[in-house]
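This is what each chain is made of:
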Amino acid sequence: KEAVSSTHMPFTGPWTIEVPLRFRVVGRQKKGAELATCSLEECLAEAVAAERLEGPNQYELEGGRRVDASKRVLLDVAPRVLVLHINRTSWDFNGVSKIQTHVRCPFELSLDPYQVDGGPALRYELQSIVAHHGHSMTGGHFTAYGRRLGDPDTWLHFNDARVTKVQPKEVSAA
């Protein structure tokens with residue numbers, strides 16, 4: 001059995017997470033093609049998955065001896081307000097492209113599976129989403145969706161100077 005080393009660091013947010021490779025669609029999708037999707041929970045599971053440190057990436061012990069190890073990040077103390085940034089940037093030999101995969105975000109999120117065992121229940125309610133509309137990293141438009149202050153059942157879409165009331169299904173599709 002491997003020894004476990006724990007390092008506790010404060011959560012300073014925002015937490016940048018990735019779209020898992022198996023769900024990534026980069027560049028324009030063919031017209032009429034079904035939109036590639038994954039869930040926020042799948043992105044979070046990828047973010048906390050154990051990473052093997054082997055070969056040239058071995059863990060170095062005090063004294064300089066190198067050993068195979070696993071590295072994993074889990075939440076210990078979560079913030080009162082959670083800000084998640086989903087990285088949609090893909091780099092390859094041709095430069096940078098936008099990851100087109102739609103990430104489904106729940107209106108209520110439990111972070112229990114992503115925390116240190118025995119921690120308090122971590123529950124969050126979605127308050128807002130910033131969405132990029134466009135197929136490339138060099139163009140497009142940002143809009144935002146947010147709950148109306150004092151009326152949490154009402155969602156608003158902020159598009160430049162235009163603010164409109166929208167249904168939750170439109171927020172889910174953002």
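Let us look at the structure shown here. Keep in mind that what you see is a predicted model, and the values were worked out from it rather than measured.

With that out of the way, let us pick up the overall build of the protein. A count of helical and extended segments in the protein gives two helices and 16 strands. The buried share of the protein, taken over its 174 residues, is 27%. For the protein, long-range pairs separated by at least 24 residues make up 50% of all intrachain contacts whose partners lie at least 6 apart in sequence. As displayed, the protein has an accessible area near 12,300 Å², and 52% of this comes from carbon and sulfur atoms. Counting 21 positive and 21 negative side-chain charges, the protein places the averaged centre of each group 7 Å from the other.

Attention shifts here to the pairing of strand β1 (residues 15-18). With burial as the criterion, only one face of β1 is covered, namely that bearing Trp15 and Ile17; the residues Thr16 and Glu18 on the opposite face remain uncovered. As defined by bridge partners, β1 adjoins strand β7 (residues 84-87) across four bridges and the pair is classed as parallel. Each residue of the ladder has a partner; that of isoleucine 17, found in β7, is isoleucine 86.

Attention now goes to the pattern of salt bridges. Evaluated as defined, the whole model comprises six salt bridges. One salt bridge in this structure joins arginine 24 and glutamate 18, with 3.4 Å as the shortest N-O distance. Note that arginine 66 is salt-bridged to glutamate 60, the shortest N-O span being 3.0 Å. Overall, arginine 66 belongs to the partly exposed group, its relative accessible area being 37%.

Below, the discussion takes up the packing of aromatic side chains. Evaluated as defined, the whole model comprises one aromatic pair. On the basis of an interplanar angle of 65 degrees and a centroid distance of 5.7 Å, the ring pair of phenylalanine 107 and tryptophan 155 is categorised as edge-to-face. A residue pair is termed long-range when its members are at least 10 positions apart, and phenylalanine 107 in the loop between β10 (102-104) and β11 (108-110) and tryptophan 155 in strand β15 (residues 151-159) qualify at 48 residues. Assessed through its relative accessible area of 3%, tryptophan 155 is described here as buried.

Here the focus is the environment of glycine 140. Following the sequence through the fold, glycine 140 ends up in the loop between β13 (128-133) and β14 (141-148). Those residues in contact with glycine 140, other than ones at most four positions away along the chain, are His132, His133 and Gly134.

Turning our attention to the sheet that holds β15. In space, the four strands of this open sheet follow the order β13-β14-β15-β16, with antiparallel pairing throughout. Each of the sheet's edge strands pairs with one partner strand only, and the pair in question is β13 and β16 (162-166). Averaged over all neighbouring strand pairs, the angle between strand axes comes to 25 degrees, with direction disregarded. Of the strand pairs in this sheet, β14 and β15 are connected by five bridges, and their pairing is antiparallel. Bridge pairing in β15 places arginine 147 opposite tryptophan 155.

Parameters at a glance
Residues numbered from 1 in each chain as written. Predicted model: local features only at pLDDT ≥ 70, side-chain atom pairs only at ≥ 80, totals over all residues. Heavy atoms only, no water. Helix = DSSP H or I, 4+ residues; strand = E, 2+ residues; numbered from the N terminus. Buried < 20%, exposed > 50% of the residue type's maximum accessible area, 1.4 Å probe, protein only. Contact = heavy atoms within 4.5 Å. Areas by Shrake-Rupley, 256 points an atom, 1.4 Å probe, with all protein chains shown as cover. Lys, Arg positive; Asp, Glu negative; His and termini not counted. Charge placed at Lys NZ, Arg CZ, Asp CG, Glu CD. Pairing = 2+ DSSP bridges. Salt bridge = Lys/Arg side-chain N within 4 Å of Asp/Glu carboxyl O. Phe/Tyr/Trp six-rings, centres within 6.5 Å; stacked < 30°, edge-to-face > 60°. Axes fitted to C-alpha atoms, helices over the stretch in contact; angles between N-to-C directions.

No statement about biological role is implied by the geometric values presented.
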